[in-house]
Amino acid sequence: MFLTVEELKTHLYGESIQAISGDDGTVLTAAIDGAVQEARGYLAAFDRDAVFGARNGERNALLLIFVKDIAVWHYINLCSAGTELRLRQDRYERAVAWLKAVQKGEVTPDLPAAIDDDGKNPNAIIIYGSNPKREQHF
């Protein structure tokens, strides 16, 4: 698992987790699973199995923070017990904005690229454009 329930305590107090779910840990696990799937959807140009299969210190720290933000947002939507919803919404929107920037190629995180059987990245970002139009005056 890319992210554990215990690791979410950096983003959400244990008392808030308990107040929202009671003794049902499946709700928080479902929020984590949903957050990982949401993040995976934006990272098609990377080896998603390697990225989300990484453990402990092998994980990309910034991606881990953003997946936590997404998971907490999905989780606290169940209840506003002692949480600042506006802050959490802002952090969720920031996480999604970062993932979209990665998807567009505006941000290049330190993640392993996806490689097909030919040794090429099938989802590589192609940059295209042209030179400015020239006009000849005689």
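Draft legend 1. Spotlight on helix H1 (residues 14-21). Taken as a whole, H1 has its buried residues at Ser16, Ile17, Ile20 and Ser21. Seen end-on, H1 carries its buried residues on one side only, within an arc spanning 110 degrees. Looking at the packing, one finds that the buried side of H1 touches helix H2 (26-42) and helix H4 (61-76). Among the residues trailing H1, glycine 22 stands out with phi positive, at a value near 70 degrees.

Draft legend 2. Representation of the packing of aromatic side chains within the structure. For the coordinates displayed, the defined rule picks out 3 aromatic pairs. Judged by centre distance (5.1 Å) and plane angle (40 degrees), the rings of phenylalanine 66 and tryptophan 98 are tilted. Here the residue phenylalanine 66 occupies a position in helix H4, and tryptophan 98 occupies one in helix H5 (residues 85-104), the gap between them amounting to 32 residues. As far as the burial class goes, phenylalanine 66 and tryptophan 98 line up, both buried. Directly above the aromatic system of phenylalanine 2 lies the positively charged group of arginine 59, at a separation of 5.9 Å from the ring centroid.

Draft legend 3. Structural view of the pattern of salt bridges. A full pass over the atoms with the stated rule returns 6 salt bridges. In this structure, the salt-bridge partner of glutamate 7 is arginine 59, at a minimum N-O distance of 2.6 Å. Here the residue glutamate 7 occupies a position in the segment before H1, and arginine 59 occupies one in the loop between helix H3 (48-53) and H4, the gap between them amounting to 52 residues. A residue is classified by how much of its surface remains accessible, and arginine 59, at 12% relative accessible area, is buried. Between aspartate 69 and arginine 88 there is a salt bridge, and its shortest N-O distance comes to 3.9 Å. Note that aspartate 69 is positioned in helix H4 and arginine 88 in helix H5, a separation of 19 residues in sequence.

Each value, and the rule that gives it
Residues numbered from 1 in each chain as written. Predicted model: local features only at pLDDT ≥ 70, side-chain atom pairs only at ≥ 80, totals over all residues. Heavy atoms only, no water. Buried < 20%, exposed > 50% of the residue type's maximum accessible area, 1.4 Å probe, protein only. Helix = DSSP H or I, 4+ residues; strand = E, 2+ residues; numbered from the N terminus. Arc of directions from axis to C-beta. Contact = heavy atoms within 4.5 Å. Phe/Tyr/Trp six-rings, centres within 6.5 Å; stacked < 30°, edge-to-face > 60°. Lys NZ or Arg CZ within 6 Å of the ring centre and 35° of its normal. Salt bridge = Lys/Arg side-chain N within 4 Å of Asp/Glu carboxyl O.

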